[in-house]
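Summary of the model geometry
Letter by letter, the chains look like this.
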Amino acid sequence: MTTEMSGADILIQALNDQGVEVVFGYPGGAVLPIYDALFNQQRIKHILVRQEGGAAHAAEGYARSTGKPGVVLVTSGPGATNAITGIADAMMDSIPMVVITGQVGTPLIGSDAFQECDTVGITRHVTKHNYLVKDPAKLGDIIHEAFHIATSGRPGPVVIDLPKDVQVATAPYRRTNVNALPHRGYKPQVKGDLAQIEEAVELLANAERPMIYTGGGIINSGPGASLILRELVRLTGAPVTSTLMGLGALPASSPHWLGMLGMHGTYEANMAMNKCDVMLCLGARFDDRVTGRLDAFSPESKKIHIDIDRASINKTVRVDLPIIGDVGRVMEDMVKLWKAKELRPRDLKPWWATIKTWQERNCLAYPEKLDSGEIVPQLAIRKLWEATHRQQPIITTEVGQHQMWAAQHFDFESPNKWLTSGGLGTMGYGLPAAIGAQLGNPKALVIDIAGEASIQMNIQEMGTATQYRLPVKIFILNNEYMGMVRQWQDLTYGSRYSESYSDSLPDFVKLAEAYGWKGIRIETPDQLEQGIADMLAHDGPVMVDCMVAKMANCFPMIPSGAAHTDMILDPAQVSGVMDDEAKALV
Amino acid sequence: MHIKQQETERHTLSVTVDNEAGVLARIAGMFTARGYNIDSLTVADVTEDDSISRITIVTTGTPAVIEQVVAQLDRLVNVHRVIDLTERGNFVERELALVKVAGTGEHRIEALRLAEVYRARVVDATTGSFVFEVTGASEKIDKFIELMSEIGLIEVARTGVAAIVRGKEAV
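1. Things to note about the pairing of strand E2 (residues 40–45) of chain B
All names here are of chain B. Both E2 and strand E3 (residues 52–61) contribute to a ladder of six bridges, which runs antiparallel. Paired with Leu 41 across the two strands is Ile 57, which belongs to E3. Hairpin geometry of E2 and E3 is characterised by an intervening segment of six residues between the two adjacent antiparallel strands and by a positive phi of about 60° at Asp 50.

Shown next, in the form of C-alpha cells:
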C-alpha cells in the first residue's frame, strides 16, 4: 500500500517526475495549497510574474526556445481568464504547454462562488485538451497524460483545472506509464506512409521548378528535423521559403534560401511559390497570410503536404499528395528513399536563373538615410543583427511592423532562436517570451524587438526580469504609431488614422530606471551603433528606446485579397482605397 | 458586397467517444466554433462498462467542409473514431418521432388510416387526440408529419438519427 499524499503534493511530485524545472505562476486563493507545497521543495523553480498573461507567454518563450513544455500555475477566475490569451496563442502556434489553474472547491462549482469561472468551458476551444479533476486519485494519471498530449503529435496547450478541495484531499500516487493512460483514442501518427513518401520523392526528382515551403512544424519536430531539412535541400537542389514560424530551420545564409513568403515575404519567395511545378510543404498550414488570394495561389503546382495534423490537410488549399506524419521522420524517409533509388534532380539551372531575376529586384532594399534625418527602422534591425549575430541571440518580438521588419532583416541560422506570435498575433508576447527564453537559456543573449505600442501591453513583466536578474534586452522601434494599423489605414482607408497614434507615451528611459533596468535612447542614426554597443555591454536588463522614422511602412506587401504576383514593392505603388471584398478579407 | 453561398451535401457521421463529462460540449462546441452545421445529433453509451458512447451526427456542408468536420472531430482527444457513413455508403438510418394529433370525426379516422400506412403505433389516445410513435428514415417522418399537419398536428418530438452500417462487419 502506497502512502497517501495531498493533491497538491501529487501535483508537485508528478511535475518532478516529468522533469519540470521552471513554473511560471501567480498565487491566489484557489491555489494556496499548491503554493504551500511549492514552499516546501527545492527542485522546481517558481517564477513570479506580474500578471497571469505574462506567465502564459513566458511559458511559451521557454517552450519555443528549449523544446521542453512550458508550465503555468495560476489561480481560479481572473487568474485563469488572464492566462487565456497566452493559451490561445500557444494553441495557434502549436506550443507545448501545461497550465494548472486553481478552481473553487467541488461543492462550490456552479454556484457563482468568489473567483469562480468555468475554466474548462472557457478554455475548451483554445486548448488541445483540458481537464477538470474531481478525484485526487486520478490527478497523477491526468498530469502525465496532459504532458503527453501537450508534447506529442501537433503540440499545444493543455489545461488542468484543479479544485481547491482536490488539492487538499489525499490519495495514493504512482508514476504512470503513458501507454496505460485513459484516452485510448489519442494516437498521433508519427511515421508517414512509405508508398506516399516514395511518390513524393519521385515527384520532386522529376520537378522542373520545385519549391520547398517550410513551417513551424519543423521547429516543433526538434533540432534533428532542421538538420535533415538541410540534407533534403542539398539532395533536391530546390529553393526554400518559410513561414514566419519556420524561420531558422534553414540557415538564412544558405544559397537555397529565398526568404520568408506571404504578405510581407520576399518577392522571389512569393513568385517562386506562384510559378513552381512541385511544391513540398513541410509542417506549414497554408495560412491566409501566406497564401494571399486562394484562387490564384500557386496555380501550376502539384502540392505535397506533410503534416502531423490531419485537419491541416485540405483545410484551405487542396493538395495532390498529403502525407500525415511527423515532418522530421517523413523527411528522414524521403532522404533515405532518395539515396536508395539513387535519384538526381533534373537540370534546375533554368529555374534558378528565373529566380535570380526575381532576386535582382532586391525587394528588401531600404534607404540608408532619410532627408528628415530620422533612423530607418530596417537599418536599425540590420545594425542590431550585425552587432549580435555571432552570439546567435534569441530574438522575440511583439506584433506589428517591427515584427515583420525583424523577420525580413534579422537573419537566423538555427532553429529555436526566433520566438514570435504568428497565428494569434498577440501584442505583448515579446517581453514575457524573452523572460521565459532567458530562463531556459541562461547564457544566451535574448532580445525582444518591440514597438512602443506593443511593449506597453505586458510592460509590467519588467519587474519579473528585475526580480530574477534576467539580462533581457528590449529594443523598441519607436515610431509613435501602432505602425501596422496606420499602414493599413494608409493603404485601405485613405490615410484616416483612426486611433492609431501612440499618444501620451511614457519616457521609456526613466521607466527602465524605475524598474532597476538600464535605459538608453537612440535618437539619430549616428547614435545607433554606439547605443546597441552600450546595450550589449551592460550585463543586466536594458531597454532601448530607438526613435525611428514615424511614417515608414513595411514592404514588400501583398495587399489583402491580392495574389502572390500582385506584390507592392515600394510605397510609391500604394493606393489609398480598397474595395469592400478586399476589406472584408482581413 | 454580398456573401456567396455554395452547394452543400448532407452527411451522416458515426463518432465513438469516451463516455465522460464534457465530451458532448467539446463536439457541439467544435461545430459552433468552426461554423459547421448540426442537423441532428444523438448520443448514448453503447458498451457494457459505460466507457464508450456512440454519437450519430447529421451535418450539411460543402464537400470540403465535410472533410474538415471529420478531421476536426478526429483531432479531439476524447474521440476514438469517426466514420462518414454517407461517404462509406450501405448503411441504414432510423429516427423515432412522437406525433400528437388532435381532431374528431372524419379527421380521427383519417389520422388512423394514415398511421397504418406509415406503420405508426398509437401510444396515447383521448377522445380528442392521438399520440403516434413512428419510426423510419428522416424523410419518411418528415412526410408523416406533413400529412398530419393537414389533419390536426399539435406537436412533435423527434429523437434525431441513429445509423449503422449494413452487413455482419462492425465498423
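On we go.
2. Structural notes on the domain arrangement of chain A
Residues and elements named next belong to chain A. Split by domain assignment, chain A resolves into domain 1 (4–180), domain 2 (194–359) and domain 3 (377–554). Of note, the centres of domain 1 and domain 3, computed from C-alpha atoms alone, are 30 Å apart. Counting residues at the interface gives 22 residues for domain 1, matched by 27 residues for domain 3. For the domain 1 and domain 3 pair, buried surface summed over both sides reaches about 1,900 Å², with 60% attributable to carbon and sulfur atoms. Summed over the shared surface of domain 1 and domain 3, the result is twelve residue pairs in polar contact (both at pLDDT 80 or more). Broken down by secondary-structure element, the contributors of at least two residues to the side of domain 1 that touches domain 3 are strand E3 (45–48), helix H3 (52–66) and helix H4 (78–92). Among the elements that make up the side of domain 1 that touches domain 3, the one with the highest residue count is H3 (nine residues). Classifying every residue of the side of domain 1 that touches domain 3 by side-chain character gives eight nonpolar, eight polar and six charged.

3. Quick look at the state of the cysteines
Applying the stated criterion across every chain, the model contains zero disulfides over all chains. The cysteine A:Cys546 is free of any disulfide, with A:Cys554 supplying the nearest cysteine sulfur at 16 Å.

4. Some thoughts on the layout of surface pockets
Considering only enclosed or pocket space, the second largest pocket measures out at about 780 Å³ in volume. The wall of the second largest pocket is formed by 29 residues, among which A:Tyr131, A:Leu132, A:Ile142, B:Glu20 and B:Ala21 lie closest to the centre. When contributions to the lining of the second largest pocket are tallied by element, the ones reaching two or more residues are strand E6 (129–132) and helix H6 (136–151) of chain A. Across the lining of the second largest pocket, the residue classes tally to nine nonpolar, seven polar and 13 charged.

5. Considerations on the sheet that holds strand E1 (residues 9–18) of chain B
All names here are of chain B. What the four strands build is an open sheet, ordered E2-E3-E1-E4; its pairing is antiparallel. The two strands at the open ends of the sheet, each matched to only one other strand, are E2 and strand E4 (79–84). Strand-to-strand twist in this sheet, taken as the mean axis angle between neighbours without regard to direction, amounts to 15°. Sheet topology note: the E1/E4 ladder contains five bridges and is antiparallel. Looking at the pairing, Leu 13 lines up with Asp 84 of E4. The sheet contacts of helix H2 (residues 63–75) involve E1, E3 and E4, and relative to E4 the element is tilted by about 160°.

6. Some details on the interface of chain A and chain B
Across the boundary between the two partners, chain A contributes 22 residues, which contact 23 residues of chain B. Buried surface at the junction of chain A and chain B, both sides included, amounts to about 1,900 Å², of which 50% is carbon and sulfur. Where chain A meets chain B, there are three salt bridges. A:Arg310 is paired through a salt bridge with B:Asp74; the nearest N and O atoms lie 2.8 Å apart. Applying the counting rule to chain A against chain B returns six residue pairs in polar contact (both at pLDDT 80 or more). With three residues, helix H22 (residues 580–585) of chain A is the largest single contributor of residues to the side of chain A that touches chain B. Here the residues of the side of chain A that touches chain B are counted per class, giving six nonpolar, six polar and ten charged.

7. A short note on the pattern of salt bridges
A full pass over the atoms with the stated rule returns 30 salt bridges over all chains. Residue A:Asp490 pairs with A:Arg486 through a salt bridge whose shortest N-O separation is 3.6 Å. Here A:Asp490 and its partner A:Arg486 are both found in helix H19 (residues 483–492), four residues apart, which amounts to about one turn of the helix. Side by side, A:Asp490 and A:Arg486 carry an identical accessibility label, which is buried. One salt bridge connects B:Arg10 with B:Glu93, and the closest N-O pair in it is separated by 3.2 Å. Remark: B:Glu93 occurs in strand E5 (residues 91–102) and B:Arg10 occurs in strand E1; sequence separation between them is 83 residues. Of the residues examined, B:Glu93 reaches a relative accessible area of 9% and is grouped as buried. If you follow the salt bridges from partner to partner, you end up with A:Arg154, A:Asp309 and B:Arg75 in one network.

8. Here's the deal with the side chain of A:Lys303
Turning to its location among the elements, A:Lys303 is positioned in strand E13 (residues 302–307). Non-local contacts of A:Lys303, meaning those with residues more than four positions away in its chain, are made with A:Met279, A:Phe297, A:Ser298, A:Val317, A:Arg318, A:Val319, A:Asp320 and A:Leu321.

9. A few points about the packing of helix H15 (residues 377–388) of chain A against helix H21 (residues 528–537) of chain A
All names here are of chain A. Viewed as axis vectors pointing N to C, H15 and H21 meet at an angle of 45°, and their least axial separation amounts to 10 Å. Compared by their axis directions, H15 and H21 come out oblique. Handedness of the crossing formed by H15 with H21: right-handed. When H15 is examined against H21, the residues Leu 379, Ala 380, Lys 383, Leu 384, Ala 387 and Thr 388 are found in contact with a partner set consisting of Leu 528, Glu 529, Ile 532, Met 535 and Leu 536. Among the residues forming the contact of H15 with H21, the class breakdown is eight nonpolar, one polar and two charged.

10. Some words on the packing of H3(A) against H4(A)
Residue and element names in this part refer to chain A. Two elements in contact, H3 and H4, have axes separated by 7 Å at closest approach and are oriented at 30°. Considering the angle they form, H3 stands roughly parallel to H4. For the crossing formed where H3 meets H4, the hand is right-handed. Contact with H3, carried on its side by Glu 52, Gly 53, Ala 56, His 57 and Glu 60, involves Pro 78, Gly 79, Asn 82, Ala 83, Thr 85, Gly 86, Ile 87, Asp 89 and Ala 90 of H4 and no other residues of that element. For the contact of H3 with H4, a count of residues per class yields five nonpolar, six polar and three charged.

11. Here we look at the sheet that holds strand E17 (residues 446–451) of chain A
Residues and elements named next belong to chain A. With parallel pairing, six strands are arranged side by side in an open sheet as E16-E15-E17-E18-E20-E19. A strand with exactly one partner marks an edge of an open sheet, and here the two such strands are strand E16 (418–419) and strand E19 (518–522). Sheet topology places E19 next to strand E20 (residues 542–547); five bridges connect them, and they run parallel. Pairing of Lys 518 across the sheet is with Val 542, part of E20. Lying over the sheet, helix H16 (residues 401–409) contacts strand E15 (394–397), E16, E17 and strand E18 (473–478), oriented at roughly 135° with respect to E17. Across the sheet, helix H17 (residues 430–440) touches E15, E16, E17 and E18, and the angle it forms with E17 is around 180°.

Definitions and cut-offs
- Residues numbered from 1 in each chain as written.
- Chains lettered and ligands numbered in written order.
- Predicted model: local features only at pLDDT ≥ 70, side-chain atom pairs only at ≥ 80, totals over all residues.
- Heavy atoms only, no water.
- Pairing = 2+ DSSP bridges.
- Helix = DSSP H or I, 4+ residues; strand = E, 2+ residues; numbered from the N terminus.
- Domains from an automatic or database assignment.
- Contact = heavy atoms within 4.5 Å.
- Buried area = accessible area lost by both parts, 1.4 Å probe.
- Polar contact = N/O pair within 3.5 Å; in protein donor to acceptor, adjacent residues only side chain to side chain.
- Nonpolar A, V, L, I, M, F, W, Y, C, P; charged D, E, K, R; others polar.
- Disulfide = S-S within 2.5 Å.
- 1 Å grid on protein atoms, 1.4 Å probe; cavity = no way out; pocket = protein on both sides within 12 Å on 5 of 7 lines; lining within 4 Å.
- Points joined across faces, edges and corners; volume = space filled by probe spheres on them.
- Axes fitted to C-alpha atoms, helices over the stretch in contact; angles between N-to-C directions.
- Salt bridge = Lys/Arg side-chain N within 4 Å of Asp/Glu carboxyl O.
- Buried < 20%, exposed > 50% of the residue type's maximum accessible area, 1.4 Å probe, protein only.
- Parallel < 35°, antiparallel > 145°, perpendicular 65-115°, else oblique.
- Left-handed = near helix turned anticlockwise from the far one by under 90°.

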